[in-house]
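Each chain, letter by letter, is given below.
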Number of protein chains: 2
Amino acid sequence: MTYTIAQISEKFDVAASTLRYYEEIGLLTNVERTDNGRRVYSDAHVGRLSAINCFKKAGMSISEIQDFFEYEKNEEKSIDDMMRLLRRRSEIMLEEFAESYESYEHILKKLDYYGHIEKAVKQKKQLPKWANYRNKDYHQQALETIMQRLKKD
Amino acid sequence: MTYTIAQISEKFDVAASTLRYYEEIGLLTNVERTDNGRRVYSDAHVGRLSAINCFKKAGMSISEIQDFFEYEKNEEKSIDDMMRLLRRRSEIMLEEFAESYESYEHILKKLDYYGHIEKAVKQKKQLPKWANYRNKDYHQQALETIMQRLKKD
DNA sequence: ATAATACTTAAAGTACACTTTAAGTCAACA
DNA sequence: TGTTGACTTAAAGTGTACTTTAAGTATTAT
């Protein structure tokens, strides 16, 4: 299959200018042209853009993604570099998951705390100095939700 | 307790220039000065910087963080806005956790796939056209690791 | 006394990842 | 036939979040 820039742009929800930019910096390569100079993308480009999406969500910078494709290009020579890059990335992601999850819990705590305050304000009651910010049910449910999402395999 | 800019800089692993910048844009407020004009930070600033750290890890932009503190300043008036911001953020985080985790799995898959290739190359054996990229043990272990990290409560 | 250090300011500079602009080409439709 | 719309290029511009520079002041160490 072949695709126009508009089709790829829509498929990946990315601006046409971004696709031209990716090509300019060498993130997309071998983009064919029609007789009148218009870009023609192939399934290989679809595959590469999926990979780019994945790597971006994984927190990789464009230059890291470029490195990956560079390694992939001469696989035999660079397989160790490639695996080192991927392994490092998976480690970083694990660390970031843990840190983000801590922040997530802090935000739930704040929500819970202000929930108590709001309730008290609405009931025009005296506030306890420190509202009991830890609502176990709320946390438990949130943890279960995230576990389920992480598990959907 | 009071702290110099160097102490705060070290405590939060943030450049002194960044602390000045945060003050300039109003993210840090009420920073006192010594007689000769040097900044003096208090425990309130330590608390605020912890919150900033948390919000940044939660993926909030500086202007969102500014909004939060603005809401917090006049709590009674803005508690709904504040809770809306926090609730929206927790939702976004959950979505991002799910997306990141998908990418994480893709990266493990790639690692596994190239692991097979590397092994085959080293053994100078014929490669199967598509190596069986799914090593259940590897995935299971990774999932358990992340679950543990997410659970450390 | 001199030099190193730790700070101060305002303003300019940087890195990243695009995005916009301006001018032009080409094919299809009214 | 003309104009609309989808593309093309090269170059300049944008937003975010800092970071660096340059010039100056004040305290501490040799």
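As the structure is a computational prediction, the values presented were derived from the model and not from experiment. Residue numbers restart at each chain and count upward from 1, following the sequence in its written direction. Naming scheme: in the order in which they are written, chains are lettered from A and ligands are numbered from 1. Given that the model is predicted, a residue must reach a pLDDT of at least 70 before its local features are reported, and side-chain atom pairs must reach 80 or more before they are shown or counted; all residues, however, enter totals for whole chains, interfaces and linings. The side-chain values count all of the structure's non-hydrogen atoms but skip hydrogen atoms and water molecules.

Draft legend 1. Seen up close, the pairing of strand β3 (residues 39-42) of chain B. Residues and elements named next belong to chain B. Pairing between two strands requires that DSSP report at least two bridges joining them. Strands are runs of DSSP state E lasting at least two residues, helices are runs of H or I lasting at least four, and both sets are numbered from the N terminus onward. Inspection of the sheet shows strand β1 (residues 2-3) paired to β3 by two bridges, in the antiparallel sense. Looking at the pairing, Thr2 lines up with Ser42 of β3. Across two bridges, the pairing between strand β2 (residues 32-33) and β3 is antiparallel. The residue bridging Arg33 from the neighbouring strand is Arg39, located in β3. Hairpin connection of β2 to β3: five residues between the antiparallel strands, including Gly37 at a positive phi of 85°.

Draft legend 2. Expanded view of the pattern of salt bridges. For salt bridges, the criterion is a side-chain nitrogen of Lys or Arg within 4 Å of an Asp or Glu carboxyl oxygen. On inspection of all chains with the given rule, the structure shows 12 salt bridges over all chains. Residues Glu64(B) and Arg89(B) are paired through a salt bridge, measuring 3.0 Å at the closest nitrogen-oxygen approach. Of this pair, Glu64(B) sits in helix α4 (residues 62-73) while Arg89(B) is found in helix α5 (residues 75-122), placing the two residues 25 residues apart along the sequence. One salt-bridge network, held together by shared partners, links Glu23(A), Arg33(A) and Arg39(A).

Draft legend 3. Region of the structure containing the nonpolar core. Judged by nonpolar contacts, the single largest core of 74 residues is most densely connected at Phe55(A), Phe68(A), Phe55(B) and Phe68(B). It only takes one pair of heavy atoms within 4.5 Å for two residues to be counted as in contact. Beyond its immediate sequence surroundings of up to four residues, Phe68(A) is in contact with Phe55(A), Met60(A), Met82(A), Leu85(A), Leu86(A), Lys110(B) and Tyr114(B). Definition of nonpolar core: a set of buried residues of the types Ala, Val, Leu, Ile, Met, Phe, Trp, Tyr and Cys, connected through side-chain atoms within 4.5 Å. When a residue's accessible area, from a 1.4 Å probe over protein chains only, is under 20% of the maximum for its type it is buried; when over 50% it is exposed; and in between it is partly exposed.

Draft legend 4. Structural detail: unusual backbone geometry. Its identity is not glycine, yet Asn30(A) carries a phi of approximately 55°, on the positive side. On the secondary structure map, Asn30(A) appears in the loop between α2 (16-24) and β2 (32-33). Located in the positive-phi region is Asp13(B), a residue other than glycine, with phi close to 50°. Structurally, Asp13(B) can be placed in the loop between α1 (5-11) and α2 (16-24).

Draft legend 5. How the structure looks around the side chain of Glu118(A). Tracing the backbone shows Glu118(A) in helix α5 (residues 75-122). For Glu118(A), a relative accessible area of 15% translates into the label buried. Not counting chain neighbours up to four residues away, the residues in contact with Glu118(A) comprise Ile79(B), Asp80(B) and Met83(B).

Draft legend 6. View of the side chain of Arg89(B). You can call Arg89(B) buried: its relative accessible area is 6%. A polar side-chain atom of Arg89(B) sits 3.0 Å from a polar atom in the side chain of Glu64(B). Residues contacting Arg89(B), with those up to four places away along its chain left out, are Ile107(A), Ala58(B), Gly59(B), Met60(B) and Glu64(B). Counting of polar contacts relies on pairs of N or O atoms within 3.5 Å, with two restrictions inside protein: one atom must be capable of donating a hydrogen and the other of accepting it, and residues adjacent in sequence are counted only when both atoms are side-chain atoms.

Draft legend 7. The arrangement of the protein's contact with DNA strand C in detail. The rule for a residue being near a molecule or strand is that one of its heavy atoms must lie within 4 Å of it. Taken together, the neighbourhood of DNA strand C is formed by 18 residues, with Tyr22(A), Lys56(A), Arg33(B), Arg38(B) and Arg39(B) sitting nearest. Tyr22(A) is positioned such that a nitrogen or oxygen atom in its side chain is 2.8 Å from a phosphate oxygen of DNA strand C. In the model, a phosphate oxygen of DNA strand C is placed 3.1 Å from a nitrogen or oxygen of the Arg20(B) side chain. Secondary structure elements with two or more residues in the surface near DNA strand C: α2 of chain A together with α1 of chain B.

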